[in-house]
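One-letter residues, chain by chain:
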Amino acid sequence: MIAPHPDDETIGAHTLITRMRRRGVAVHVVVVTDGAASHPCSARWPRRRLVAERRRESRRVLRQIGVTADAVTFLALPDGRLHTQAGAARRGLARQIVRRGATLVVAPSRRDDHPDHRTVAACVAALTRPGPRTLAYPVWPAGQTVTGGVALFLTTQERLAKRRAVRSYRTQTGRIADDPHGFTMTRRQIASFTGAQEVFVERRR
């Protein structure tokens, strides 16, 4: 599972990961950027503190669904400027995909509105042609309609669990209030991220 930022792993594939772990499938999560760009002007949450907390948030959520800390890797590349470090991202992802002997790679969509997501998608496409099966998940814009995808339908319990998980990324859901330029998920976005299904599009080789 490849996440451009700490929280995309949950937005994109919380239920997929949960079901895989319940079946005993090994899951490794790679978070590509450091997540520091979400609140660049916060005095209470300078870069180092914000990065550390965003890592804790991801580890905490993943631990609850069976992914232990030693199965989570943070590449710590620059949030919001990943295109300037595309080579480093590609090399870091290559090491993880090869080292883990991945048979399935779940990564962001190349059509995502966020440039970091598109950079990660391009890196993954270059590394997995030919290679393991690759599924792409949408994030931005929230609530988009995806054509040609395969839907994983969530039970009521799974939807509630995912909603709790998304809200537990508190740095992204309102905890940081001293940065007028900071990012906070809206209620509508959270509702979109925790809807009745997770959708994945298989990349054609």
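Placed above this text is the structure.
First, a word on what this report is: a plain description of the structure on this page.

Basis of the calculations
Residues numbered from 1 in each chain as written. Predicted model: local features only at pLDDT ≥ 70, side-chain atom pairs only at ≥ 80, totals over all residues. Heavy atoms only, no water. Core = buried A, V, L, I, M, F, W, Y, C linked by side-chain atoms within 4.5 Å. Buried < 20%, exposed > 50% of the residue type's maximum accessible area, 1.4 Å probe, protein only. Helix = DSSP H or I, 4+ residues; strand = E, 2+ residues; numbered from the N terminus. Contact = heavy atoms within 4.5 Å. Phe/Tyr/Trp six-rings, centres within 6.5 Å; stacked < 30°, edge-to-face > 60°.

1. Let's talk about the nonpolar core
Soluble, globular proteins show a tendency: their nonpolar side chains are buried together. With 27 residues, the main nonpolar core has Ile17, Val67 and Phe200 as its most contacted residues. Elements with a contribution of two residues or more to this core: helix 1 (8-22), strand 2 (29-33), strand 3 (72-77), strand 5 (133-137) and helix 6 (187-193). Examining the composition of this core, we find that 5 residues originate from one element, helix 1, more than from any other. Look past the residues within four positions of valine 67 in its chain and what remains in contact with it is Ile17, Arg21, Val27, Val29, Leu62 and Val72. Counting 14 residues, the second-largest nonpolar core is a separate cluster that includes Val32, Ala107, Cys123 and Val124.

2. Digging into the packing of aromatic side chains
The final tally for this structure, using the stated rule, is 2 aromatic pairs. Ring geometry for tryptophan 140 against phenylalanine 193: centres 5.2 Å apart, planes inclined by 80°, an arrangement best described as edge-to-face. Placement of the pair is tryptophan 140 in the loop between strand 5 and strand 6 (150-153) and phenylalanine 193 in helix 6, with a sequence separation of 53 residues. Taken as a pair, tryptophan 140 and phenylalanine 193 share a single burial class, namely buried.

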